[in-house]
Amino acid sequence: MNRSLTIIGGGFSGIAAAVRAAEAGKEPLLLERRPFLGGRAYSFSHDNLPYTVDNGQHVLMRCCTHVIDLLEKIGADEVSFQAGFRIPFLSKEGTAHILSAPSWLPTQLGLFVAFARYSPAGLSAALGLRRVQRDLRRPPTGVSVADWLKSSGQTDRIQRSFWIPLCRSVMNASPEDAPADELLTVLSEAFGTPSGAAMGWATTGLTELCASKARAFIESRGGQVRSSAFVTEMTQETDQWSLDLRNADTVVSKRVILAVPPLRAADLLGHVLPDLANLLTRYTPSPILGINLWFDRPIMNTAFVGFLDGSVEWVFDRQALTGQPSEHGYHYALVTSASSKLLEHDDADLVDIALDELRSRKLVQPDEEPVRTLVIQERQATYLRPLGDPPIPNGTDLSGLFLAGDWTDTSLPPTIEGAVRSGNRAADLALV
Ligand SMILES: Cc1cc2nc3c(=O)[nH]c(=O)nc-3n(C[C@H](O)[C@H](O)[C@H](O)COP(=O)(O)OP(=O)(O)OC[C@H]3O[C@@H](n4cnc5c(N)ncnc54)[C@H](O)[C@@H]3O)c2cc1C
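None of the values given here were measured: they were computed from a predicted structure.

> Would you mind showing me how to read the nonpolar core here?
Across soluble globular proteins, nonpolar side chains show a tendency to be buried alongside one another. Of all hydrophobic cores here, the largest spans 91 residues; its most connected members are Phe12, Phe115, Phe162, Trp163 and Ile257. A total of eight residues in this core trace back to one element, the largest contributor, which is helix H1 (residues 12–23). Setting aside chain neighbours within four positions, we find Phe162 in contact with Leu99, Leu111, Phe115 and Leu187.

This is how it looks when you write it as structure tokens:
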């Protein structure tokens, strides 16, 4: 089979690249190892429930403009955003704090006002933002969030109640491992556009949101999507690439966008770009823990809440987010990012830890138990580039080979927005 452009990997980066190429009339071929598109953002049937369960709650912000554009383009409209930025938190003892900024404020004042009104922060923390403003304009590179927090004079209190939860959730990394420039880029985009920090989410399962609509968009423009198509080897021939599939098929393509996670990319690139492959083997997986609990009553009255100083960091009310029915129990998705410390616990332990967190915050009674539980440890939710290693660009030294993925150089942390930007950029390079 001969193609002009083949994309390997059907996560958000590969989908974005294929949609862009299809739109440009290039009839791309998208090869995905699994039977469905979506990559690390997917949903699945569970326990005969009348709705699917996500592999992990995914959150967007209104400043994720590339994701929003992609979803609009393919007709995936089952996404909802807050009217403005408003995040409720609960302290360990159950005290409520609200981090919010009115959407009519000039954008540059948003974070300042949010801090000033947020009780764990207050005016002194808001004034401490003056030092942050400079770095928002020109983020320092090669510095960890932890070191940057020290040098920018953020107090312990505001670190614990804002910066550390923000870093862990947005970067899926502890402040010691996360690059400060990516976190600051997110903040400046979120608070640099009107309502940019407003949170958003899919109002359906992640696979229903995007997979079939992306496939239909690509195929209706002459492209092709092949699922269960595992690329085992890629070889450069004179002016084309030869891709071997596990089922013994071979695809020959003039240009290739490799849109797989970094460790998979390292496997495929080992003999064509050994130096790059070596760099990619230095990336380390970072897990996200999802604990799904169903109760026989609603346990909270907000769509989501952040837990300060907890082993659980967020609780999402799936009824409120998606409108899913509650006759099989009220479903709550509890999330802990960068959860490597919890990896050794078994599911029963993790449910107990989650219940303790809910009980100490008085959302659940001491003797109350869930009617159903499901623990999902996504061990390779994202990948951390070693601090100081250069980010990997979307172009390569080899003719016709391009890279996409949330781990490539997008200036953003590993997120859906980063993935989509990388796919768009790789497609733009490949289509020249
Ligand atoms: C639990 C969890 C929660 C998350 N929460 C958020 C969130 O709230 N907000 C957010 O923005 N992001 C979140 N993320 C991160 C987000 O899901 C990823 O950043 C994004 O999906 C990555 O997309 P990608 O295309 O770069 O990679 P992937 O999604 O990994 O796509 C790569 C694809 O390549 C395929 N593939 C691999 N090898 C081959 C091969 N040899 N041949 C063919 N195909 C191959 C894979 O099957 C996969 O489908 C979360 C991730 C997880 C796991």
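> Teacher, can you tell me more about the sheet that holds strand E16 (residues 314–317) here?
Reading across the sheet, the seven strands line up as E8-E7-E15-E16-E17-E14-E18 and stay open at both edges, with mixed pairing between neighbours. Each edge of the open sheet is held by one strand with a lone partner, namely strand E8 (96–101) and strand E18 (372–384). In this sheet, neighbouring strand axes are inclined to one another by 25° on average, regardless of whether the strands run parallel or antiparallel. Looking at chain direction, strand E7 (residues 85–90) and strand E15 (residues 304–307) are connected through two bridges and run parallel. Bridge assignment links Leu90 to a residue of E15, and that residue is Phe307.

> Is there a simple way to think about the pairing of E16 in this case?
As a general feature of sheets, a regular strand has side chains that alternate between the two faces. Neither face of E16 is left uncovered, since the one carrying Trp314 and Phe316 and the one carrying Val315 and Asp317 both have all their residues buried. With three bridges joining them, E15 and E16 adopt antiparallel strand pairing. If you follow Val305 over to E16, its bridge partner there is Val315. The hairpin formed by E15 and E16 contains six residues between the paired strands, and Asp309 there has a positive phi angle of roughly 55°.

> Got a minute to help me understand the domain arrangement of the protein in this structure?
A common way to report how large an interface is uses the accessible area buried once the components associate. Each assigned domain of the protein is listed here: domain 1 (2–48 + 206–283 + 387–430), domain 2 (83–197) and domain 3 (285–384). Of the roughly 1700 Å² buried between domain 2 and domain 3 on both sides combined, carbon and sulfur atoms contribute 52%. Looking at the side of domain 2 facing domain 3, the largest losses of area belong to Leu90, Lys92 and Asn172, adding up to 40% of the total buried there. Viewed at the interface, domain 3 and domain 2 are joined by three salt bridges. The residue Glu357 makes a salt bridge to Lys92 at a minimum N-O spacing of 3.5 Å. Linking domain 2 with domain 3 are 16 residue pairs in polar contact (both at pLDDT 80 or more). Listed by contribution, the elements that provide at least two residues to the side of domain 2 that touches domain 3 are E7 and helix H7 (156–171).

> Would you take a moment to explain the site of the ligand for this structure?
Close to the ligand lie 33 residues, the nearest being Ser13, Glu32, Arg40, Val59 and Asp406. Taking Phe12, its main chain carries an N or O atom lying 3.2 Å from an oxygen atom of the ligand. Within the side chain of Arg40, a nitrogen or oxygen atom sits 2.7 Å from an oxygen atom of the ligand. When isolated, the ligand has an accessible area of 1000 Å², and the protein chains bury 94% of it. Of all the secondary structure elements, the ones that give two or more residues to the shell around the ligand are H1, E18 and helix H14 (416–430). Of the residues that constitute the shell around the ligand, the class distribution is 16 nonpolar, eleven polar and six charged.

> Whenever I open this one, the pattern of salt bridges confuses me. Can you help?
Any two side chains of opposite charge can pair, given that their charged atoms come close. Taken as a whole and assessed by the stated rule, the structure comprises 22 salt bridges. The partner of Asp406 in a salt bridge is Arg40, with the nearest N and O atoms 2.9 Å apart. Linking Asp406 in the loop between strand E19 (401–403) and H14 with Arg40 in the loop between strand E2 (29–31) and strand E3 (43–44), this pair joins segments that are 366 residues apart in sequence. Exposure remark for Asp406: the relative accessible area of 8% places this residue in the buried category. Assessed through its relative accessible area of 28%, Arg40 is described here as partly exposed. Two residues, Asp135 and Arg134, come together in a salt bridge whose shortest N-O distance is 3.2 Å. Residue class for Asp135 comes out buried when judged on its relative accessible area of 9%.

> Please explain the pairing of strand E9 (residues 199–202) as it appears in this structure.
The alternating pattern of E9 places Met199 and Trp201 on one face and Gly200 and Ala202 on the opposite face, and all of these are buried. Pairing analysis gives two bridges linking strand E5 (residues 60–61) to E9, with the strands arranged antiparallel. Paired with Met61 across the strands is Met199, a residue of E9. Bridge count between strand E6 (residues 79–81) and E9: three bridges; the pairing is antiparallel. Paired with Ser80 across the bridge in E9 is Trp201.

> When you look at helix H10 (residues 262–269) in this model, what are you seeing that I'm missing?
Most of H10 sits inside the fold, with six of its eight residues counted as buried. Within the span of H10, buried status applies to Pro262, Leu263, Ala265, Ala266, Leu268 and Leu269. Tucked into the core, H10 has its buried residues touching strand E11 (231–237), strand E13 (250–258), helix H11 (274–281), strand E14 (284–295), E18 and E19.

Conventions adopted
Residues numbered from 1 in each chain as written. Predicted model: local features only at pLDDT ≥ 70, side-chain atom pairs only at ≥ 80, totals over all residues. Heavy atoms only, no water. Core = buried A, V, L, I, M, F, W, Y, C linked by side-chain atoms within 4.5 Å. Buried < 20%, exposed > 50% of the residue type's maximum accessible area, 1.4 Å probe, protein only. Helix = DSSP H or I, 4+ residues; strand = E, 2+ residues; numbered from the N terminus. Contact = heavy atoms within 4.5 Å. Pairing = 2+ DSSP bridges. Axes fitted to C-alpha atoms, helices over the stretch in contact; angles between N-to-C directions. Domains from an automatic or database assignment. Buried area = accessible area lost by both parts, 1.4 Å probe. Salt bridge = Lys/Arg side-chain N within 4 Å of Asp/Glu carboxyl O. Polar contact = N/O pair within 3.5 Å; in protein donor to acceptor, adjacent residues only side chain to side chain. Near = heavy atom within 4 Å. Areas by Shrake-Rupley, 256 points an atom, 1.4 Å probe, with all protein chains shown as cover. Nonpolar A, V, L, I, M, F, W, Y, C, P; charged D, E, K, R; others polar.

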